[in-house]
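# Fold and geometry: a report
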Amino acid sequence: MEIVIANKSHSVYAEIICETIAEAAKVRGTGIAKRKPEYIITKMENGNAVIALDGDKFAGFCYIEQWSHGKFVANSGLIVHPDFRNIGLAKQIKKKIFEHSRTKFPNAKVFSITTGLAVMKMNSELGYKPVTFSELTDDQTFWNGCQTCKNYDVLQRTEQKMCLCTGMLYDPLKEKKTSNHKFDKKVWTRLKSIKQTRFLKKEKQNE
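So, a few notes on the structure that sits alongside this text. (Residues numbered from 1 in each chain as written. Predicted model: local features only at pLDDT ≥ 70, side-chain atom pairs only at ≥ 80, totals over all residues. Heavy atoms only, no water.)

## Considerations on the nonpolar core
Formed by 21 residues in total, the largest nonpolar core has its most connected members in Leu89 and Ile93. When residues of this core are traced back to their parent elements, those giving at least two are β2 (49-54), β3 (57-67), β4 (72-80), α3 (89-104), α4 (117-126) and β7 (166-170). The greatest single-element share of this core, amounting to 4 residues, is contributed by α3. What isoleucine 93 contacts, discounting residues up to four positions off in sequence, is Ile3, Val50, Ala52, Gly60, Phe61, Cys62, Leu78, Ile79 and Val80. (Core = buried A, V, L, I, M, F, W, Y, C linked by side-chain atoms within 4.5 Å. Buried < 20%, exposed > 50% of the residue type's maximum accessible area, 1.4 Å probe, protein only. Helix = DSSP H or I, 4+ residues; strand = E, 2+ residues; numbered from the N terminus. Contact = heavy atoms within 4.5 Å.)

## Notes on unusual backbone geometry
One non-glycine residue, histidine 69, adopts positive backbone phi at about 60°. Along the chain, histidine 69 turns up in the loop between β3 and β4. Positive phi is not limited to glycine here, since asparagine 86 has a value of about 65°. Turning to its location among the elements, asparagine 86 is positioned in the loop between β4 and α3.

## Digging into the sheet that holds β3
Across the sheet, which stays open at both edges, the 7 strands sit in the order β1-β2-β3-β4-β5-β7-β6 with mixed pairing between neighbours. What marks the edges here is a single partner per strand, and that holds for β1 (2-5) and β6 (129-131). For this sheet, the mean angle separating the axes of adjacent strands, direction not counted, is 25°. Two elements, strand β5 (residues 109-114) and β7, share 5 bridges in a ladder whose sense is antiparallel. What sits directly across from isoleucine 113, in β7, is glycine 167. (Pairing = 2+ DSSP bridges. Axes fitted to C-alpha atoms, helices over the stretch in contact; angles between N-to-C directions.)

## With respect to the state of the cysteines
If you walk through the whole model with that rule in mind, you get 0 disulfides. Cysteine 165 takes part in no disulfide bond, and the closest cysteine sulfur, belonging to cysteine 163, lies 5.7 Å away. The exposure class of cysteine 165 is buried, given its relative accessible area of 10%. (Disulfide = S-S within 2.5 Å.)

## Things to note about the packing of aromatic side chains
Enumeration over the complete set of coordinates arrives at 10 aromatic pairs. Note on tryptophan 67 and phenylalanine 142: the rings are 5.4 Å apart at their centroids and 70° apart in plane angle, and the pair reads as edge-to-face. Taken together, the positions of tryptophan 67 in strand β3 and phenylalanine 142 in helix α5 (residues 140-144) put the pair 75 residues apart, joining distant regions of the chain. Given a relative accessible area of 9%, tryptophan 67 falls into the buried group. Centroid distance phenylalanine 98 to tyrosine 170: 5.0 Å. Interplanar angle 90°. Geometry classified as edge-to-face. One end of the pair, phenylalanine 98, is in helix α3; the other, tyrosine 170, is in strand β7, and 72 residues separate them in sequence. When sorted by exposure, phenylalanine 98 lands in the same class as tyrosine 170, which is buried. Among the aromatic residues, those joined into a cluster by ring pairs are Trp67, Phe72, Phe111, Phe133, Phe142 and Trp143. For the cation-ring pair, arginine 35 lies above tyrosine 39, with the distance from its terminal atom to the ring centre recorded as 5.0 Å. (Phe/Tyr/Trp six-rings, centres within 6.5 Å; stacked < 30°, edge-to-face > 60°. Lys NZ or Arg CZ within 6 Å of the ring centre and 35° of its normal.)

## Comments concerning the pattern of salt bridges
Applying the stated criterion across every chain yields a total of 8 salt bridges. We note a salt bridge from glutamate 125 to lysine 91, for which the minimum N-O separation is 3.4 Å. Taken as a pair, glutamate 125 in helix α4 and lysine 91 in helix α3 lie far apart in primary sequence, 34 residues in all. The partly exposed category is assigned to glutamate 125, whose relative accessible area is 39%. In this structure lysine 91 comes out as partly exposed when scored by relative accessible area, which is 47%. Here glutamate 159 ties to lysine 161 by a salt bridge, and the two come within 4.0 Å at their closest N and O atoms. Under the relative-accessibility criterion, glutamate 159 is labelled exposed at 59%. Residue class for lysine 161 comes out exposed when judged on its relative accessible area of 56%. Where salt bridges share partners, they join Lys91, Lys121 and Glu125 into one cluster. (Salt bridge = Lys/Arg side-chain N within 4 Å of Asp/Glu carboxyl O.)

Set out below in structure tokens:
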């Protein structure tokens, strides 16, 4: 198994990456923004993605997005093929793309919005802190990318102030001022449950 910075030669995997993301969205039933192969290929050609391969077989993927003229970057589309799940690969990919982001964009704030507890745990271990959406990029292009998520109506109803996703941010300027804190799964699970109850209940009432 190898995890490398993706390049043009990896474009042959774009289709299966998109298919894996789409299938994961169906199974999870919550927010994963869908992407087209052309978009994935562009990320590879620009050196803004990492890919995990077991020989020639696709195992996992994640890419970098830039927002607000490079002031913010996001590590998006983290996905692991079903054949390689439950072996810690997602954590390795997350670490690789985070380190690549810090090297390529050293002054940028790295952020994430996610509904996945596993991703929240990985983010916390890398130094991310939970924040409100107002502390994330105000680049409307980023938020427009949420339109393919099944929960996009929640984001609209709250005027982009909150959603089922939790916002997390790594600020390089605050790196040395803060200490690592233990990830409390019970707290995050409770937060996720509250959001789902609050917003999905409103959705049913509006039907």
